[in-house]
Amino acid sequence: MGLTRICKQILTGFLILTLSCGYLTAQKKSNFVIVIDPGHGGKDIGARGVVENEKDIVLDVSLRFGQLIEKNFKDVKVIYTRKSDVFLELWERARIANHNHANLFVSIHCNSAANRSAYGSETFVMGLRRMEENMEVSKRENSVILLEGDQERYQKFDPNDEEAVILFEIMHSAYLDQSIKFASLVEDEFVKNGRSSRGVKQNIFHVLRENASPSVLVELGFISNQDEGTYLSTNKGKQERADALFEAFKKYKKEYDEMDGRIVEDDKPKEVEKPVMGKSFKIQFLVSKNKYSPSAKQLNGLTNIEIVQVGDVYKYYYGNTSLPSERDELLNYVIRKGFKDAFVVEFTSNEKLTGSQNYRIQFLASNKRYRDRDGKFGGLKNVLRIKSGKTHFYYYGSTKTYEDAQKELKFVQGRGFKNAIIVIFDGKKLLE
Ligand SMILES: [Zn+2]
C-alpha cells in the first residue's frame, strides 16, 4: 500500500531528472562523467575485515581507479562522492551522480559473511528481484540508513512492495542493459586477474535506486575471509582491483564512444550497424499454460518481459531491437539465464492482425464481478469482462498492431496494473 504516494514521488523525481538531463540522448555530445562512490565512511565503517575495514579499502581502491581514468582520459570527468574518511548519506551519493549528469555510477564496496570461507567478487546492478542469496548483502549495505538522521527519506520505499519495486525497475530499465554491460566487464577483468568471481547479480540497493544513469555496485571481495581480506588490504591487491576496474571502464567507454557515433583515435572507422528496416526482434524464451508473475522464479531473474496470451498458452518474450548485433546479444543473454531453447522471433512493424483478430490488454482477474467504470479499474474505460470458470477476466482496449498493443500495455501498467499482459482476441472472444 501507499503506492500512489510512492508513484507520485518517484514520477516527480523522475520528471525532474528527465527534464534536467534530457533523458538518454542529451548526454551524447558532452564529456563523459563517471561518479565513483567509495561506500560507507566516517562513523560508518562498513564491513569489518581481517586486516583492514571496508570504508578504508574501498576509498583507497576508488582513488586509484579514478586516478587511472584521470591520467588516461582527457574527455572523462571523474567525480568522487567522497575523497576522504567522511560520512555521507546514501541519498547524497545519488544526488551527486544526478546533479553531475553522470554517464556511469560505480559504487565500490567489500563483502563480509559470517561464514569465513565465503570469498569472491560480485557486481550488482539495479534489479527487480531480490534473490534469496542476495538478501544478506542488501540488508548490510542498506543498514547504514539506521545511522542516518533522515530516515523519513527512505521509509517511503518498501522493498517488499512488489509494485513499488517494479516501478523502480521501469524507471531504470533504460539503463539496465548498460549497467549489466559494465558489471560483466568488471567481473571479467577480476577473473583475468586470477581472482574468484561470483558473477553479475541483480539487487536493490538504496544507493543505486535513485540514480538516473547506468549504475553498478561492486563488491571487491570478502574481507571476512582470511585470504581475500589480506589480499585486499595490500597495495598489490588494491592496485590490481583498481587496474581491473580501469580495464573494464576502458572497454565500456570505447563501446560508448562507438555507440555515440564518435570514433576513438586508435581505432579504424567501422561501419555503423544499420537496423533492419521494418522489423523488430524479440527473444521468445518460454511457452507455458501458466501465467507467471514478474517475480516468479520460473523467469530466472529476467526482467521487463512481455507476456502474450495466444489461445490457452502464454508466450514469454524478452527484449526488443532492430539491430542484428543486439538481437544476438539478447539471445545469448537469455540462454545464459538458463533458457537453452530460447529463439529469436521476428516481428514486422505495424503488421495488422487479420480478419476480426485484435490485441487486448488483460489487466485484472478476479472472482468478483465489477461493473463498468468500477473504481477498481483505475479509470480505464470500455472494459471487456469475460468469465471463465469462477474467474472474471477484465480486458482493456482493442488494437490491430503489436506496437499499438505495447502502447496500450504501457498505458494500463501506468494505471497501476503492473502484471497486465497482451492477449490475442478474435472479435470479442479469446482466440482459440
Ligand atoms: Zn559496503
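Everything below is about the structure printed above this text.
Anyway, here's the lowdown on the structure attached to this text.

**Let's talk about the side chain of Arg241**
Then, in step 1: As for its position among the elements, Arg241 is in helix α9 (residues 235-259).
Then, in step 2: Of the side chains with opposite charge, Glu228 lies nearest to the buried Arg241, which makes no salt bridge, at 4.2 Å.
Then, in step 3: There is a polar contact of 2.6 Å between the side chain of Arg241 and the backbone oxygen of Leu220.
Then, in step 4: Beyond its immediate stretch of four places on either side in the chain, Arg241 contacts Val61, Ser121, Phe190, Asn193, Arg195, Leu220, Glu228, Tyr231 and Leu232.

**Quick word on the side chain of Asn111**
Then, in step 1: Checked against the element boundaries, Asn111 lands in strand β3 (residues 104-111).
Then, in step 2: Separated by 2.7 Å, the side chains of Asn111 and Glu122 make a polar contact.

**Let's talk about the pattern of salt bridges**
Then, in step 1: Inspection of every chain in the model, using the stated rule, returns 20 salt bridges.
Then, in step 2: The shortest N-O distance in the salt bridge between Lys192 and Glu189 comes to 3.1 Å. One end of the pair, Lys192, and the other, Glu189, are both in helix α6 (residues 162-192), three residues apart, so they sit about a helical turn from each other.
Then, in step 3: Residue Lys192 is classed as exposed on the basis of its relative accessible area, which comes to 57%.
Then, in step 4: The exposure class of Glu189 is buried, given its relative accessible area of 7%.

**Examining the environment of Ile307**
Then, in step 1: Looking at the secondary structure, you find Ile307 in strand β8 (residues 305-310).
Then, in step 2: For the pair formed by Ile307 and Leu286, sequence separation is 21 residues and the distance between their alpha carbons is 9.6 Å.
Then, in step 3: If we skip the residues at most four places from it in the chain, Ile307 touches Tyr292, Tyr314, Lys315, Tyr316, Ile421 and Ile422.

Rules behind the numbers
Residues numbered from 1 in each chain as written. Predicted model: local features only at pLDDT ≥ 70, side-chain atom pairs only at ≥ 80, totals over all residues. Heavy atoms only, no water. Helix = DSSP H or I, 4+ residues; strand = E, 2+ residues; numbered from the N terminus. Buried < 20%, exposed > 50% of the residue type's maximum accessible area, 1.4 Å probe, protein only. Lys, Arg positive; Asp, Glu negative; His and termini not counted. Salt bridge = Lys/Arg side-chain N within 4 Å of Asp/Glu carboxyl O. Polar contact = N/O pair within 3.5 Å; in protein donor to acceptor, adjacent residues only side chain to side chain. Contact = heavy atoms within 4.5 Å.

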